[in-house]
Every structure is written in C-alpha cells, then in structure tokens.
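# Residue-level structure breakdown
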Amino acid sequence: FDSGRHLDFRPALLEANWLMQQSVPIRPTAMMDLSDGLSKDLPRLADMSGIAGYQVDLKSIPIQPDSHLNSAIGSGEDYELLFTIPPEGAHDLTEKWKTEFPDRDVTIIGHLSSDNERTPLTGGWEHFES
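So, here is what we can say about the structure in this document.

## Brief notes about the overall build of the chain
The secondary structure content of the chain amounts to 5 helices and 4 strands. Listing each helix as α and each strand as β along the chain from the N terminus yields α-α-β-α-β-α-β-α-β. Taking 2.2 N^0.38 as the reference for a compact globule, 130 residues should give roughly 14 Å; the C-alpha atoms of the chain span a radius of gyration of 15 Å, in line with that estimate. Principal-axis analysis of the C-alpha atoms gives the chain an extent of 45 × 35 × 25 Å. By sequence separation, contacts in the chain at least 24 residues apart represent 79% of the contacts at least 6 residues apart.

This is the structure we're talking about:
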C-alpha cells in the first residue's frame, strides 16, 4: 500500500466531462471512478451494466514505479476513471485523448463480454470488513 500517492492526486473531473461530451463510439456506455480498486470496481461496473463477463489484459495494467501488479489491481483509492466504450471507438479515443490530455494517459485494459467468463482479480477495499 503506497499511501503517498493517495495524498497527491488530481481527480479526473475534466476528463470525465470531456468524455461525456463525445459522440458514439467514443462516449462511454458506463463510467465510474476506481475508489475500491480494479478488482472490486470492475465487477461492479460489469454487473450494473448487465454484462456477464470481462477479460482483462493484465500486462496492460498501469503500475506505479516501485509497485506491483497486485497492488495496482487491488489497492483502491486510485482516483482514476474506469469506463467502457464500443470497441470500434478505441483507436479514435486514444488519438483524441493524446491531443486533449497529453499529460494524462488512457489505457485500454480489456473488454466486456456476454459470456460468464471473468478474469480473476484479487484484492480491493472492503468498507465494512472487520
């Protein structure tokens, strides 16, 4: 757990607003912040979207220096956006994003699917765990 990065962050409010101003296929079909970690928030996003499965390319997950994959997936309080767009919008999104937000990365980490298969993810923040 790297508490230092949680003290120095910039919420993605401008980016979220910009995304909502885009047209299909770049406009998100679902979006939330990563407050409890990808391992907790991705299943929530999929469930609330009515999507049964998701596949995550674990090699694409951004990892902070001096951190590791398990921390990147499960530490929580990321203050980053997790959103879905139609697959045909991925290339245009990354190109427009680079122009609009050159100092903030966007990363495609996988896709939602209609099957029940889900990439196993562990960790995440449990609010009421004793």
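The discussion continues.
## Description of the packing of aromatic side chains
Here the structure, examined in full by the defined rule, presents 3 aromatic pairs. A ring pair is formed by W18 and F101, whose centres lie 5.5 Å apart and whose planes are at 90 degrees; its orientation type is edge-to-face. Note that W18 is positioned in helix α2 (residues 13-21) and F101 in the loop between α5 (90-100) and β4 (110-113), a separation of 83 residues in sequence. Classification of W18 by relative accessible area gives buried; the value is 12%. Judged by its relative accessible area of 12%, F101 falls in the buried class. Taking the centre distance of 4.9 Å and the plane angle of 50 degrees together, the rings of W97 and F101 count as tilted.

## Examining the layout of surface pockets
By volume, the largest pocket amounts to about 1,400 Å³. Lining the largest pocket are 46 residues, and of these P62, E80, L81, T107 and I109 lie nearest its centre. Put simply, the parts of the chain that give the lining of the largest pocket at least two residues each are α1 (3-7), α3 (38-49), β2 (53-56), α4 (69-74), β3 (81-84), α5 and β4. A total of 4 residues in the lining of the largest pocket trace back to one element, the largest contributor, which is β3.

## Considering α5
Looking only at α5, the buried set comprises A90, L93, T94 and W97. In a view along the axis of α5, the buried residues occupy a sector of 95 degrees, so they form one face of it. Facing away from the buried side of α5, by more than 90 degrees, are the exposed residues H91 and T99.

About the cut-offs
Residues numbered from 1 in each chain as written. Predicted model: local features only at pLDDT ≥ 70, side-chain atom pairs only at ≥ 80, totals over all residues. Heavy atoms only, no water. Helix = DSSP H or I, 4+ residues; strand = E, 2+ residues; numbered from the N terminus. Rg over C-alpha atoms; globule rule 2.2 N^0.38 Å. Contact = heavy atoms within 4.5 Å. Phe/Tyr/Trp six-rings, centres within 6.5 Å; stacked < 30°, edge-to-face > 60°. Buried < 20%, exposed > 50% of the residue type's maximum accessible area, 1.4 Å probe, protein only. 1 Å grid on protein atoms, 1.4 Å probe; cavity = no way out; pocket = protein on both sides within 12 Å on 5 of 7 lines; lining within 4 Å. Points joined across faces, edges and corners; volume = space filled by probe spheres on them. Arc of directions from axis to C-beta.

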